[in-house]
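Summary of structural features
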Amino acid sequence: MTKHIKTVTASRISQEPDLLGESPVWDDQLGRLYWVDSVSRKIRYYHPVDDTHGEIAVPSMIGSVGLGQPGHLVAGLADGIYDIEIETGTATPLFKPDPPNERVRFNDGRMDRQGRFVCGGMGIYAEPLGELVRVTAQGEAEVLANGVRIANTLSFSPDGKTMYFADSLDRVVRAYTYGEGEEVLSNPRMLVDTKTFASGPDGATVDSDGFIWVALVQVGKIARFTPDGELDALIEAPTDMPTCMCFGGPDLSTLYVTSIKDSGSGRAISRHPLGGHLFAIEGLGVTGLAEPRLATV
């Protein structure tokens, strides 16, 4: 039975819209939110305690960001996975595919519970050329999957033993058995068929109950599913093209939502006056999980 959440309130947080907002990540140590504007080649950040905003320029399109060690972030840039020094913006490659392929760029990424950055690629022209890679702080990389058109929905169960992943064009979110070591993905199962909702799945996050929240970007909604794939809640997003979410705030009860204004491809252009802005949703009665950091050992 679908849960109806009646007390939700949404407020605009960003000062200016992103063209393609994605990958919000809450830093619980600094009390700061990071997210990316893929098309504008920027990492943005927001500190709610004093309502300050800032940005870090990066050298290429950026798909996702994760928490590194203090003073650093990890980012999926167009041609590889990079360490980003927050103060200077210096981008140092951790992993770059060899040979490079200009018809592919890295897209959705998430730190697993063991502190490794998992990031999936996308074909620039929606060709099945992307790979799903797992990268350590030492730059060691494993290919977990290939033949990906648009990698999305990367997230992990609270115990780290299940990985959620989707190729958006398939309109299916799958769950995989996930190991603590170098095990490959196994036992895939269809978790959610988002064709039921007339949308491909975009970004996702997992809450402290182990439920997965998925952005239904083509219909302006956000869905919460049980670990078995049953719909638990469906809410209207603050704009027509929500892209990704994360929980943040002092008690991890605020759901931050990024969105699209103009993806730059011609495939996704918002008609909403607040398209591209970052929003905060309160009143969900749900809390998130602290985001892991890139492990040094």
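Residues numbered from 1 in each chain as written. Predicted model: local features only at pLDDT ≥ 70, side-chain atom pairs only at ≥ 80, totals over all residues. Heavy atoms only, no water.

With omega at 5 degrees, the peptide bond leading from Asp98 into Pro99 counts as cis. As for its placement among the helices and strands, Pro99 is situated in the loop between strand 9 (91-95) and strand 10 (104-111). Of note, Asp51 is a non-glycine position whose phi angle comes to about 55 degrees, a positive value. For Asp51, the position within the fold is in the loop between strand 4 (42-47) and strand 5 (52-57). Using a relative accessible area of 48% as the deciding quantity, one classes Asp51 as partly exposed. (Helix = DSSP H or I, 4+ residues; strand = E, 2+ residues; numbered from the N terminus. Buried < 20%, exposed > 50% of the residue type's maximum accessible area, 1.4 Å probe, protein only.)

The subject of this paragraph is empty space enclosed by the protein. Scanning all chains against the criterion turns up two cavities of 30 Å³ or more. Of the pockets and cavities examined, the largest cavity occupies roughly 150 Å³. Take the lining of the largest cavity: its biggest share by element is three residues, from strand 2 (residues 21-27). Of the residues belonging to the lining of the largest cavity, the class tally is 11 nonpolar, two polar and three charged. Taken as a whole, the second largest cavity holds about 40 Å³ of empty space. Taken together, the elements giving at least two residues each to the lining of the second largest cavity come down to strand 2 and strand 10. With four residues, strand 10 is the largest single contributor of residues to the lining of the second largest cavity. (1 Å grid on protein atoms, 1.4 Å probe; cavity = no way out; pocket = protein on both sides within 12 Å on 5 of 7 lines; lining within 4 Å. Points joined across faces, edges and corners; volume = space filled by probe spheres on them. Nonpolar A, V, L, I, M, F, W, Y, C, P; charged D, E, K, R; others polar.)

Here we come to the nonpolar core. Counting 15 residues, the largest nonpolar core has Tyr34, Ile43, Ile62, Val65, Leu73 and Ile84 as the members making the most contacts within it. Among the secondary structure elements, those contributing two or more residues to this core are strand 3 (32-37), strand 6 (62-67), strand 7 (72-77) and strand 8 (80-85). Setting aside its immediate chain neighbours within four residues, Val65 contacts Ser23, Val25, Tyr34, Val36, Ile43, Leu73, Val74, Ala75 and Phe117. If you look at the next biggest cluster of nonpolar residues, it comprises 14 residues, including Ala175, Leu191, Val192 and Val206. (Core = buried A, V, L, I, M, F, W, Y, C linked by side-chain atoms within 4.5 Å. Contact = heavy atoms within 4.5 Å.)

On to the pairing of strand 5. Alignment of strand 4 against strand 5, held across six bridges, turns out to be antiparallel. Bridging across to strand 5, Tyr45 finds its partner in Gly54. What sits between strand 4 and strand 5 in their antiparallel hairpin is a turn of four residues, with Asp51 showing a positive phi close to 55 degrees. (Pairing = 2+ DSSP bridges.)

What follows is about the sheet that holds strand 24 (residues 279-282). Strand order in the open sheet formed by four strands is 1-24-23-22, with antiparallel pairing between adjacent strands. The sheet is open, and its two borders are formed by strand 1 (9-12) and strand 22 (242-248), each paired with just one other strand. Each neighbouring strand pair of the sheet contributes to a mean axis angle of 25 degrees, computed without reference to strand direction. By the bridge criterion, four bridges tie strand 1 to strand 24 in an arrangement that is antiparallel. (Axes fitted to C-alpha atoms, helices over the stretch in contact; angles between N-to-C directions.)

Inspection of every chain in the model, using the stated rule, returns 19 salt bridges. Of the charged contacts in the structure, one is a salt bridge between Glu16 and Arg44, with a shortest N-O distance of 3.4 Å. Of the two residues, Glu16 is situated in the loop between strand 1 and strand 2 and Arg44 in strand 4; the sequence distance between them amounts to 28 residues. The class of Glu16 is partly exposed, set by a relative accessible area of 41%. A residue is classified by how much of its surface remains accessible, and Arg44, at 6% relative accessible area, is buried. Here Arg110 ties to Glu291 by a salt bridge, and the two come within 3.7 Å at their closest N and O atoms. In this pair, Arg110 is assigned in strand 10 and Glu291 in the segment after strand 24, connecting sequence segments 181 residues apart. Each of the two residues, Arg110 as well as Glu291, counts as buried. Overlapping salt bridges bring together Glu16, Asp18, Asp37, Lys42, Arg44 and Glu55 as one network. (Salt bridge = Lys/Arg side-chain N within 4 Å of Asp/Glu carboxyl O.)

What the largest pocket holds in volume is close to 730 Å³. Around the largest pocket, the lining comprises 29 residues; the ones closest to its centre are Ile150, Ser263, Ser265, Arg267 and Ala268. Those elements giving two or more residues to the lining of the largest pocket turn out to be strand 10 and strand 18 (201-206). The residue inventory of the lining of the largest pocket, partitioned by class, reads 14 nonpolar, 10 polar and five charged. In this structure, the second largest pocket encloses a volume near 280 Å³. Considering every element that reaches the lining of the second largest pocket, the biggest residue donor is strand 10, with three residues. Classifying every residue of the lining of the second largest pocket by side-chain character gives seven nonpolar, three polar and five charged.

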